[in-house]
Amino acid sequence: MVLLILSVMVIVATNMTMRYNSEFLRTANFVNGIQGKWYHKSSDSLVRRVLHQDFDDDPNSVNLSQYWATQGRTFEVDGGLISTHVYDDYSCFNLNSLGNHGYDYSDETGTKTNMAREVFVRLMVYMQIQLGDAEAVADAVTDMVDTDAGISRNGAEDSYYMSLPYPFVIPNTRLFNVSEIRVAKGMTPSIYRRLKPFVCALPNNELHINVNTLTEEKAPLLAALLLSDYMTVESALEIINSRDREGWTTVSNFLNQELITSTTTVRTKGFISSVVTVNSNYFRAETVLEYNGLIRRFFSYFVKNNKEAILYKREYGGAE
Ligand SMILES: [Ca+2]
């Protein structure tokens, strides 16, 4: 009988200890989470101040010589380290532009082509994705973001997605996050992985590419934007490497280079001129916090409004 009572007491004591440990960990995670969000907010304030300084110094140019583009800033904070990288969101292909009929151009035979789609297809082809697969993905993503229910040649609307084993409906409006295209018809993990560094989902359906902030890795995007069968990734890389530290001062200076004038055609000139810019309105900050043995990632998105950087979205953890 004594042994039985002792056993019961040991079991109760063990349960109490386990519950205490679990509550302790839960509280510690909660406190770390709150602290992490405060560090994230502090980092955002710093990014806004840096962007404001750059907008004030030069309202007509966003380039990689400016303060915001200084990478690898790491700060020591109580209990850990915090580092923030800022990216220009005009140095990626805005997936939402695929739903913009303003980019439909007609050729001499009256055939309509959406130039944003053409850039997107070329981008995938420059990344060694088969033309047929690239066209299928481009059509499917276009159908996801355009507001109509008309099915593009290789695309799919709700009727296709609703017939899947796990049915769902597509947005038929702007994407909030690039990861949404993972479910597009024809998308594969390999295509998505290759595309991800080159694409973004801005809160509008316009396409703007800031040629002053394209890094060497983005050469396939520049090659795609120039819409020419004579353009190669190597030529695009040459253009990027010929850029001065402070970038091109005007769009004309960029477009008047021989490598570009020799490849652009009348058909593509107007579109390219409307997309190329040397400035930017959208920025993304990635903050990594190492705190109490945990690593957390945060993303903040800013839009330029006169000389201010306005925060319009935050993401915790970040979708892959
Ligand atoms: Ca649609």
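What you are looking at is a predicted structure, and each value in this text was computed from that prediction instead of being measured. (Residues numbered from 1 in each chain as written. Predicted model: local features only at pLDDT ≥ 70, side-chain atom pairs only at ≥ 80, totals over all residues.)

1. Topic: the overall build of the chain
Helix and strand counts for the chain stand at 10 helices and 11 strands. In terms of overall size, the chain is more extended than a compact globule, its C-alpha atoms giving a radius of gyration of 25 Å where 320 residues would be expected to give roughly 20 Å. C-alpha extents for the chain along the principal axes are approximately 100 × 55 × 35 Å. For the chain, the residues scored as buried account for 34% of the 320 residues in total. A sequence separation of at least 24 residues applies to 64% of the contacts in the chain between residues at least 6 apart. (Helix = DSSP H or I, 4+ residues; strand = E, 2+ residues; numbered from the N terminus. Rg over C-alpha atoms; globule rule 2.2 N^0.38 Å. Buried ≥ 20, exposed ≤ 12 C-beta atoms within 10 Å, placed from the backbone. Contact = placed C-beta atoms within 7 Å.)

2. Remarks on the domain arrangement of the chain
The domain boundaries assigned to the chain delineate domain 1 (2-89 + 281-316), domain 2 (107-198) and domain 3 (214-274). Between the C-alpha centres of domain 1 and domain 3 the distance comes to 37 Å. (Domains from an automatic or database assignment.)

3. Quick look at the environment of aspartate 88
Structurally, the position occupied by aspartate 88 is in strand β2 (residues 80-88). Counting along the chain gives 121 residues from aspartate 88 to isoleucine 209, while the straight-line C-alpha distance between them is 9.6 Å. Once residues within four sequence positions are removed from consideration, aspartate 88 is found in contact with Val62, Asn210, Thr213, Ser280 and Phe283.

4. Some words on the pairing of strand β1 (residues 73-77)
With five bridges connecting them, β1 and β2 associate as antiparallel partners. For arginine 73, the partnering residue across the bridge sits in β2 and is threonine 84. What sits between β1 and β2 in their antiparallel hairpin is a turn of two residues, with glycine 79 showing a positive phi close to 95°. (Pairing = 2+ DSSP bridges.)

5. Notes on the nonpolar core
In this structure, Val141 and Leu225 are the most contacted members of the largest nonpolar core, which totals 65 residues. For this core, the secondary structure elements donating two or more residues are α1 (2-57), α2 (115-126), α3 (131-145), α5 (189-195), α6 (219-225), α10 (266-275) and β9 (282-291). With residues up to four places along the chain from it excluded, the contact list for valine 141 reads Leu95, Leu98, Ile181 and Ala184. (Core = buried A, V, L, I, M, F, W, Y, C linked by C-beta atoms within 7 Å.)

6. Some details on the packing of α2 against α3
Contact geometry for α2 and α3: axes closest at 9 Å, N-to-C directions at 140°. As judged from the angle between their axes, α2 and α3 are oblique. The crossing of α2 and α3 is right-handed. Between α2 and α3, the contacting residues are Arg117, Phe120, Val121, Met124 and Val125 on the first element and Leu131, Ala134, Glu135, Val137, Ala138 and Thr142 on the second. Of the residues contributing to the contact of α2 with α3, the split by class is eight nonpolar, one polar and two charged. (Axes fitted to C-alpha atoms, helices over the stretch in contact; angles between N-to-C directions. Parallel < 35°, antiparallel > 145°, perpendicular 65-115°, else oblique. Left-handed = near helix turned anticlockwise from the far one by under 90°. Nonpolar A, V, L, I, M, F, W, Y, C, P; charged D, E, K, R; others polar.)

7. A look at the sheet that holds β9
The five strands are arranged β1-β2-β9-β10-β11 in an open sheet whose pairing can be described as antiparallel. Only two strands of the sheet have a single partner each, and these edge strands are β1 and β11 (308-316). Across the sheet, the mean angle separating the axes of adjacent strands is 25° when strand polarity is ignored. Pairing geometry for strand β10 (residues 294-305) and β11, over eight bridges, is antiparallel. Each bridged residue has a counterpart across the sheet, and for phenylalanine 299 the counterpart in β11 is glutamate 315.

8. Overview of unusual backbone geometry
Even without glycine at this site, asparagine 172 takes up a positive phi of about 55°. Among the residues examined, asparagine 172 registers 15 C-beta atoms within 10 Å and is labelled partly exposed. Of note, asparagine 306 is a non-glycine position whose phi angle comes to about 55°, a positive value. Structurally, asparagine 306 is set in the loop between β10 and β11.

9. Remarks on α2
For α2, which comprises 12 residues, the first-to-last C-alpha distance of 16 Å matches the rise-based estimate of 16 Å (1.5 Å per residue) to within 8%. In terms of residue burial, α2 counts as a mostly covered element, since 10 of its 12 residues are buried. Of the positions making up α2, those classed as buried are Met115, Ala116, Arg117, Val119, Phe120, Val121, Arg122, Leu123, Met124 and Tyr126. Glutamine 128 sits one or two positions beyond α2 and adopts a positive phi of about 65°. (Expected span 1.5 Å × (residues − 1).)

10. Some remarks on the environment of arginine 182
Its location among the elements puts arginine 182 in the loop between α4 (158-161) and α5. As for arginine 182 and valine 141, which are separated by 41 residues in sequence, their C-alpha atoms are 9.6 Å apart. Not counting residues up to four positions away in its chain, the partners in contact with arginine 182 are Met187 and Tyr192.

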